[in-house]
Amino acid sequence: MRIEHLYYLVDIAKTKSITLSADRLFISQQGLSQAIQKLEADLNVALLRRSRQGVSLTAAGNKAVEKTKEVILKYEELLESMGPYTSDYISNSSNKLTIGITPHMTDFLPQILDLFRKKHADIIVHIEEQKPNDIVTKLNEGSTNIGLVNLSDHYNYQHLENNQIVFEKISNYQFMVCVAKSSPLAKKIIFNKTEIKKHPIVAYNQEPYFEILNQLFGDLNQLNIIVKTNNREMYLKSIIHSKALGITTLADISLFNEKSIIAIPIKDSVGMDFGLLISMKHPLSSAGLDLLEIYKTYMTSKPWL
């Protein structure tokens, strides 16, 4: 029995959804389902009832969640009590890997982590979504091992060199306009920035994203932003039903998996470099190096790159 499987069970009890919990836990739905099945096999009971409406706890599942919360509390108390004796645990532990990610990298992580866990089932992976410069700071300190990032064309790359951080670029995407296929605008070949300002816009509610919009359009007050959200379903519905324009890259794969929208180029757009960050001061463990290889292989094998 693995401690992370207990965390998974508690989260599912909260969301009542394998899909929502998979998104929150940075694991694929298949990987999460398999983890719960393993936990059920370990306990020799059925914990969940599965239906089209989602999942619910069995009587055994309710009791397991109750006891699991007690186990997790004791486990976290144990970790906290060990703090004074292992002050360098986070950066040097051989069975822990801490990853800093920027927004939209979460689209790729579940599949990559599933592949990694098949090879390193004993490694505990911690993930934090942060701004690029915050990831650089933590890499420099040694409290984060790897950064999986997207960096704007306007990013200050000298900042990386000053902190002895290496950036390995894997791909570059230009920002484009997302339009509903049912919209008359879907016939356009290219948008100029002046045209975009005339239409309602749906935006991701993230500071780094607004920094990119500022690079594209200057004063954001000139944009008619009608929706700010990080909910993908609301983002998509705003494009389709409110005839709003979305502005993102083709790497936003969960959005472009939908067949009801298309992407149209923007004249004089800006781009995003996708890649990884590592510190020259803090060598990676063999598990960390394996994760990088899995990440690079996965990303370069995709047809949208």
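Structure: see above.
Here the structure is a predicted model, which means the values were calculated and not measured.

Colleague: Tell me about the overall build of the protein chain, residues and numbers included.
Modeller: On a plain count of helices and strands, the protein chain comes out with 13 helices and twelve strands. By the compact-globule yardstick of 19 Å for 305 residues, the protein chain fits well, its C-alpha radius of gyration being 22 Å. Expressed along its principal axes, the backbone C-alpha trace of the protein chain runs to roughly 60 × 50 × 35 Å. Looking at the protein chain as a whole, 48% of its 305 residues qualify as buried. Across the protein chain, the fraction of contacts at a sequence separation of at least 24, relative to all contacts at a separation of at least 6, is 72%. Put simply, the protein chain shows about 15,800 Å² of open surface, and 52% of that area lies on carbon and sulfur atoms.

Colleague: Kindly report on the sheet that holds strand β6 (residues 165-174), identifying the contributing residues and their values.
Modeller: Here we have five strands laid out as an open sheet, ordered β4-β3-β5-β12-β6, and mixed in their pairing. The outermost strands of the open sheet, each flanked by one partner alone, are β4 (124-129) and β6. Looking at each pair of strands side by side, their axes are set apart by 20 degrees on average, direction ignored. With three bridges connecting them, strand β3 (residues 96-101) and strand β5 (residues 146-152) associate as parallel partners. If you follow Ile 101 over to β5, its bridge partner there is Leu 148.

Colleague: Got a sec to walk through the side chain of Ser 21? Specific residues and values, please.
Modeller: Secondary-structure assignment places Ser 21 in helix α2 (residues 18-25). Within the structure, the side chain of Ser 21 is placed 2.7 Å from the side chain of Thr 15, a separation counted as a polar contact. Apart from residues lying up to four places away in sequence, Ser 21 is in contact with Asp 11, Ile 12, Thr 15 and Leu 32.

Colleague: Go over a nonpolar patch on the surface, please, and point to the residues and values.
Modeller: Residues Met 1, Leu 43 and Val 45 make up a contiguous nonpolar surface patch of roughly 260 Å² in combined accessible area. On the secondary structure map, Met 1 appears in the segment before α1 (3-15). For Met 1, a relative accessible area of 58% corresponds to the exposed category.

Colleague: I'd love a proper account of helix α10 (residues 207-217), names of residues and values included.
Modeller: When we look at burial in α10, the residues that qualify are Tyr 209, Phe 210, Ile 212, Leu 213, Leu 216 and Phe 217. For α10, the buried positions fall inside an angular range of 155 degrees around the axis, keeping them on one side.

Colleague: Before we move on, can you summarise the layout of surface pockets with the specific residues and values?
Modeller: Empty space within the second largest pocket amounts to approximately 490 Å³. Every residue lining the second largest pocket is counted, 20 residues in all, and those nearest its centre are Glu 4, Tyr 7, Ile 124, Val 125 and His 126. Here the element with the most residues in the lining of the second largest pocket is β4; it accounts for five residues.

Colleague: Break down unusual backbone geometry for me, citing the residues and quoting the values.
Modeller: Look at Gln 164: it is not a glycine, yet its phi comes out positive at around 55 degrees. Turning to its location among the elements, Gln 164 is positioned in the loop between α8 (158-162) and β6. Gln 164 gets classed as partly exposed once you look at its relative accessible area, which sits at 38%. You will see that Asp 268, though not glycine, has its phi angle at about 55 degrees, which is positive. Following the sequence through the fold, Asp 268 ends up in the loop between β11 (261-265) and β12 (271-279).

Colleague: Could you give an account of the pattern of salt bridges, naming the residues involved and the relevant values?
Modeller: Per the counting criterion, the structure on display carries 14 salt bridges. A salt bridge links Lys 169 to Asp 273; the nearest nitrogen and oxygen atoms lie 3.5 Å apart. Of this pair, Lys 169 sits in strand β6 while Asp 273 sits in strand β12, and the two are 104 residues apart along the sequence. On the basis of relative accessibility, which here comes to 10%, the residue Asp 273 falls in the buried class. Because the salt bridges share partners, they merge into one network encompassing Glu 168, Glu 293 and Lys 296.

Colleague: Provide a residue-level description of the environment of Met 82, including the pertinent values.
Modeller: With respect to the secondary-structure elements, Met 82 resides in helix α4 (residues 59-82). The spacing of Met 82 and Asn 224 is 142 residues in sequence and 52 Å in space, taken between C-alpha atoms.

Colleague: An account of the packing of aromatic side chains is requested, with residue identities and associated values reported.
Modeller: Evaluated as defined, the whole model comprises six aromatic pairs. Where Tyr 155 meets Tyr 157, the ring centres are 5.4 Å apart and the plane angle is 90 degrees; that geometry is what we call edge-to-face. Among the residues examined, Tyr 155 registers a relative accessible area of 15% and is labelled buried. Judged by its relative accessible area of 28%, Tyr 157 falls in the partly exposed class. Arranged with centres 5.8 Å apart and planes meeting at 50 degrees, the rings of Tyr 157 and Phe 167 form a pair that is tilted. Placement of the pair is Tyr 157 in the loop between β5 and α8 and Phe 167 in strand β6, with a sequence separation of ten residues. Through a chain of ring-to-ring contacts, the aromatic side chains of Tyr 204, Tyr 209, Phe 210 and Tyr 235 assemble into a single cluster. Above the ring of Phe 191, the side-chain terminus of Lys 188 is found at 5.3 Å from the ring centroid.

How each quantity is defined
- Residues numbered from 1 in each chain as written.
- Predicted model: local features only at pLDDT ≥ 70, side-chain atom pairs only at ≥ 80, totals over all residues.
- Heavy atoms only, no water.
- Helix = DSSP H or I, 4+ residues; strand = E, 2+ residues; numbered from the N terminus.
- Rg over C-alpha atoms; globule rule 2.2 N^0.38 Å.
- Buried < 20%, exposed > 50% of the residue type's maximum accessible area, 1.4 Å probe, protein only.
- Contact = heavy atoms within 4.5 Å.
- Areas by Shrake-Rupley, 256 points an atom, 1.4 Å probe, with all protein chains shown as cover.
- Pairing = 2+ DSSP bridges.
- Axes fitted to C-alpha atoms, helices over the stretch in contact; angles between N-to-C directions.
- Polar contact = N/O pair within 3.5 Å; in protein donor to acceptor, adjacent residues only side chain to side chain.
- Patch = residues over 30% accessible without salt bridge, like charges linked within 9 Å, V, L, I, M, F, W, Y side chains within 5 Å.
- Salt bridge = Lys/Arg side-chain N within 4 Å of Asp/Glu carboxyl O.
- Arc of directions from axis to C-beta.
- 1 Å grid on protein atoms, 1.4 Å probe; cavity = no way out; pocket = protein on both sides within 12 Å on 5 of 7 lines; lining within 4 Å.
- Points joined across faces, edges and corners; volume = space filled by probe spheres on them.
- Phe/Tyr/Trp six-rings, centres within 6.5 Å; stacked < 30°, edge-to-face > 60°.
- Lys NZ or Arg CZ within 6 Å of the ring centre and 35° of its normal.

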